[in-house]
Amino acid sequence: MVIIALPEKIFREYDIRGVVDEDLTDDGVRNLGKAAAVTFLRDNIEEVIVGRDIRLSSERFFNVLAEGLLSSGVNIIDIGVVPTPVFYFAAKKWDKQGGIIITASHNSAEFNGFKILRGEGTIYGEDIRELHSIIVDGRFREGKGSLIKRDVRDEYIDYLCENIDIKRPVKFAIDGGNGTAGIVALDIFRKLGLEPVELFMRPDGNFPNHHPDPTVEHNLIDLKAAVAEGGLELGIGFDGDSDRIGVIDEEGNVLWGDALLALYARDMLKNNPGATVIFEVKCSRSLDEDIRNYGGNPIMWKTGHSLLKKKMRDENALLAGEMSGHQFFSDRYFGYDDAIYAALRLLEIVSKREKPLSDFYREFSKYKSTPEIRIECEDARKFDIVREVSDHFKKTNRVMDVDGARVDFEEGWGLIRASNTQPALVFRFEAETEKALIAIREEFSRVLEKFKLDTSSLFDS
Ligand SMILES: [Zn+2]
């Protein structure tokens, strides 16, 4: 018998994600369910939570995935269509060790995918690739599971409302990007007495208005217009499955993940002096300085939400965050990335602040920086190049190499790292002055010369 496996390339570092009908077929997804079942049962997990996002293919994939799990003897708690963080919430509240959420996060409509929870957190790396080899080898089990439906929505809404303290009705706009946020967010705001200006809150798997990713500035155009027109205090956007948050202040400036994390950290540190905050290597030097200034313990760590979550548990950190808008709260919450909860924490902070958010924006953005720059580079070479660049700079500069190489210069830093998800090298630069920012990039470009890459985009912005 020929076993229909999903293509190996869609088993990525943090999740499984591919194009519907091209990469993701019914037979392939059914077999993914069977393979996941093998790993659940091996860890004595007999009952798992399964949820799905609002994509047009999600229900269809739910049905075949469930067939695979049930025919292997795993029981399913079907929580229906939910944001990814609501899926994590169900697992925490009901004390379940396993689950699968069907979602392609912020990808466009033709994609779908799977994030798998097993044991302490979402699986990544080898644990994801193992599923592919179980399918290829046909190492399945037979059994007979059962399925029950259970609603988590009300429990989630009540929990969030009871655990947030908004001092006054903040004026803001909200953009759901036609993703899953609309399923719960509006009910939460209303219950808290908030009346946001609503944009694209109706779930629609075609994503008819813009790409469901608020961490790409182009997708914030409507939100900026709504904030400007209404004279509002801020705007908040969610990605397709509501684990990424995007924020603009009252002037339309974007508060990227590092700025947001600094804001959360200042507030959290008032009640938890000395607490640890974890962030990825792409974050501004401002963040490290800000956390120290407010009495916290900053730790710079690897990019990738699964890796940050693991580090957070290892260090007992209360907060963590990424530039990509994933913000993790263990302070008063469960430690996973929930953009709806992050929105509430932000509204809580704004409701207590006397000054506008733009004031914080200017204070935080004291350095000049580039956005993330990607340069194409074959997978086979990318790690070697990073190692060589790192070794080169280590002779003269301080280099932090937890993830790629972040090279410190007198007036700033430059980062090179290999992308975990694409054949690409990722760069970012920051410095005290424009002049220094150019000088650091020139230095990198010289060191990269011998690899014959097209480095012109290093200087694009
Ligand atoms: Zn997402």
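Every value quoted in this text rests on a predicted model; they were computed, and no experiment measured them.

Draft legend 1. Structural detail: the overall build of the protein. Each helix and strand in the protein was counted, giving 14 helices and 22 strands. Its C-alpha radius of gyration of 22 Å places the protein within 12% of the 23 Å reference for a compact globule of 461 residues. Per-residue burial over the protein gives 61% buried out of 461 residues. Across the protein, the fraction of contacts at a sequence separation of at least 24, relative to all contacts at a separation of at least 6, is 70%. Of the roughly 18,600 Å² of accessible surface on the protein, 46% is carried by carbon and sulfur atoms. For the protein, the distance from the average position of its 62 positive side-chain charges to the average position of its 81 negative side-chain charges is 3 Å.

Draft legend 2. Main features of the sheet that holds strand β13 (residues 276-280). The sheet built from four strands is open, its strands ordered β14-β13-β15-β16 with mixed pairing. In this open sheet, the two edge strands, each paired with only one partner strand, are β14 (297-301) and β16 (327-329). On average, each strand axis in the sheet is tilted by 15 degrees relative to the strand beside it, whichever way the strands run. Sitting on the sheet, helix α10 (residues 305-315) touches β13, β14, β15 (319-321) and β16, and the angle it makes with β13 is about 160 degrees.

Draft legend 3. Representation of the pairing of β14 in the model. The element β14 is largely enclosed, with a buried count of four among its five residues. Note that β13 and β14 share five bridges and pair parallel. Its bridge partner lying in β14, Phe 279 is registered against Met 300.

Draft legend 4. Layout of the coordination of the zinc ion. The protein atoms that coordinate the zinc ion are Ser 105 (OG), Asp 239 (OD), Asp 241 (OD) and Asp 243 (OD), at distances of 2.0 to 2.1 Å. Because the angles between the four donor atoms bound to the zinc ion fall within 93 to 158 degrees, the donor set is best described as irregular. Sequence spacing of the donors to the zinc ion: S-x133-D-x1-D-x1-D. A relative accessible area of 0% means that Asp 241 is categorised as buried.

The rules we used
- Each chain has its residues counted from 1, following the order in which its sequence is written.
- Confidence filtering applies because this is a predicted model: local features only for residues at pLDDT of at least 70, side-chain atom pairs given and counted only at 80 or more, and all residues used for totals across whole chains, interfaces and linings.
- Based on all heavy atoms of the structure, the side-chain values leave hydrogens and waters out of the count.
- Starting at the N terminus, helices and strands are each numbered in turn, a helix being any DSSP run of H or I of at least four residues and a strand any DSSP run of E of at least two.
- Here the globule rule is a power law, 2.2 Å times the number of residues to the power 0.38, and the radius of gyration is based on C-alpha atoms.
- Here the term buried applies to any residue with accessible area under 20% of the maximum for its type, exposed to any over 50%, and partly exposed to those in between, with areas from a 1.4 Å probe on protein chains only.
- We call two residues contacting when some pair of their heavy atoms lies within 4.5 Å.
- Working definition of accessibility: Shrake-Rupley area with a 1.4 Å probe, residue cover restricted to the visible protein chains.
- The convention is simple: Lys and Arg are positive, Asp and Glu are negative, and His and the chain ends are not counted.
- Where a charge lies is defined by one atom per residue type: Lys uses NZ, Arg uses CZ, Asp uses CG and Glu uses CD.
- Two strands are said to pair when DSSP picks up at least two bridges between them.
- Throughout, an axis means a line fitted to C-alpha atoms (over the contacting stretch in the case of helices), and angles, computed between N-to-C directions, take values from 0 to 180 degrees.
- Water is not part of the atom set, so a site may look incomplete; the donors themselves are N, O and S atoms within 2.8 Å of the metal, or 3.2 Å for Na, K and Ca.
- Angle rules define the geometry names used: all angles between 85 and 135 degrees makes four donors tetrahedral, while opposite donors over 155 degrees apart and all other angles between 65 and 115 make four donors square planar and six octahedral, leaving every other case irregular.

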